[in-house]
Amino acid sequence: MTITENLDKILGQIPSSVRLIAVTKKKSVAAIKEAYDYGIRDFAESRIQEALLKQEQLQEYQDICWHFIGHVQTNKAKKVLENFHWIHSVDSLKLAEYLDKLASKTSISPHICLQVKLLTDPNKYGWDMIELWQDLSHLESLKHLKIKGLMTILPLGLSEDECLETFDKVKKLAKKITEKSSLQLEELSMGMSNDYLLAVEKGATMIRLGTIIFGERN
Ligand SMILES: *Cc1c(COP(=O)(O)O)cnc(C)c1O
């Protein structure tokens, strides 16, 4: 299957209101161009170094919306802020505060998602439910960030029911925070190649797909 065929198939399965983000980590600039020519405008990378090299080669592609989805180290935060429209992987109060400080100095106001981890997973970053409620008033005070939604990555090996249940919890958490705070968490960035249909069923507004579009990463 080609990239075009894969995209045809995926877009046939999801409502047009869901934003399809093509995850191009470890994939070539040629692959990005192919998806772009198809009409994709949202692209995601998870490593800043690799992303900057690709962005340099894609300078004429001015209408690409770049999404950062990897863990942000403090010493890379400024580069991420300057080169990405969205940061999905804001995973701690410390990082959020730091980005807010950088944003106030640079007058760039990034769109961000708060990364949550509602099931225990030693390999994943993010707030659990209790921590997020604790940090909420602090997060509300960060006026230079556009906090738009929640992002999650599920642990591997869940059943379909467990995936659905966890996506549903993320949706309900976003709704409750929106009701009880000044944050408007309208975006749900959830769903990857192996679970995006379940995520869409539970209200994902942004899905992040790599393998199913571009094939396995080496
Ligand atoms: C790699 C990655 C994806 C895409 O994963 P696939 O399984 O290849 O679709 C999505 N989100 C994040 C945060 C990732 O790191």
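Values in this document were obtained by computation on a predicted structure and should not be read as measured data. (Residues numbered from 1 in each chain as written. Predicted model: local features only at pLDDT ≥ 70, side-chain atom pairs only at ≥ 80, totals over all residues. Heavy atoms only, no water.)

1. A word on the site of the ligand
The ligand sits among Val23, Lys25, Ile69, Met151, Ile153, Met192, Ser193, Arg208, Leu209, Gly210, Thr211 and Arg217. Between an oxygen atom of the ligand and a main-chain N or O atom of Gly210, the distance comes to 2.9 Å. A distance of 2.5 Å separates an oxygen atom of the ligand from a polar atom in the side chain of Thr211. Of the residues contributing to the shell around the ligand, the split by class is 6 nonpolar, 3 polar and 3 charged. (Near = heavy atom within 4 Å. Polar contact = N/O pair within 3.5 Å; in protein donor to acceptor, adjacent residues only side chain to side chain. Nonpolar A, V, L, I, M, F, W, Y, C, P; charged D, E, K, R; others polar.)

2. Some words on the pairing of strand E1 (residues 19-23)
The buried fraction of E1 amounts to 4 of the 5 residues, a majority that puts the element mostly inside the structure. Where E1 meets strand E8 (residues 206-209), 4 bridges bridge the pair, whose relative direction is parallel. Counterpart to Ala22 in the pairing with E8 is Leu209. Sheet analysis places E1 next to strand E2 (residues 42-45), joined by 2 bridges and oriented parallel. Residue pairing for E2: Ala22 is matched across the bridge by Phe43. (Buried < 20%, exposed > 50% of the residue type's maximum accessible area, 1.4 Å probe, protein only. Helix = DSSP H or I, 4+ residues; strand = E, 2+ residues; numbered from the N terminus. Pairing = 2+ DSSP bridges.)

3. Overview of helix H7 (residues 160-180)
Between its first and last C-alpha, H7 extends 30 Å over 21 residues, near the 30 Å set by a 1.5 Å rise per residue. The set of residues buried in H7 consists of Cys163, Leu164, Thr166, Phe167, Asp168, Val170, Leu173, Ala174 and Ile177. Each element contacted by the buried residues of H7 is listed here: strand E5 (111-116), helix H6 (129-140), strand E6 (146-152), strand E7 (187-189) and helix H8 (196-201). (Expected span 1.5 Å × (residues − 1). Contact = heavy atoms within 4.5 Å.)

4. A word on the environment of Ile130
Take Ile130: it is sitting in helix H6. For Ile130, a relative accessible area of 61% corresponds to the exposed category.

5. Topic: the packing of aromatic side chains
For the structure on display, the rule yields 3 aromatic pairs. Taken together, a centroid distance of 5.0 Å and an interplanar angle of 75 degrees make the contact between Phe68 and Phe84 edge-to-face. Here Phe68 is found in strand E3 (residues 65-68), whereas its partner Phe84 is found in the loop between helix H4 (77-83) and strand E4 (86-90), with 16 residues between them in sequence. (Phe/Tyr/Trp six-rings, centres within 6.5 Å; stacked < 30°, edge-to-face > 60°.)

6. Thoughts on the packing of H6 against H7
For the pair H6 and H7, the least separation of the axes is 12 Å and the interaxial angle reads 20 degrees. Of the possible angle classes, the one that applies to H6 and H7 is roughly parallel. Once H6 is placed against H7, the crossing between them reads as right-handed. Mapping the contact onto sequence places Met129, Leu132, Trp133 and Leu136 in H6 and Leu173, Lys176, Ile177 and Lys180 in H7. (Axes fitted to C-alpha atoms, helices over the stretch in contact; angles between N-to-C directions. Parallel < 35°, antiparallel > 145°, perpendicular 65-115°, else oblique. Left-handed = near helix turned anticlockwise from the far one by under 90°.)

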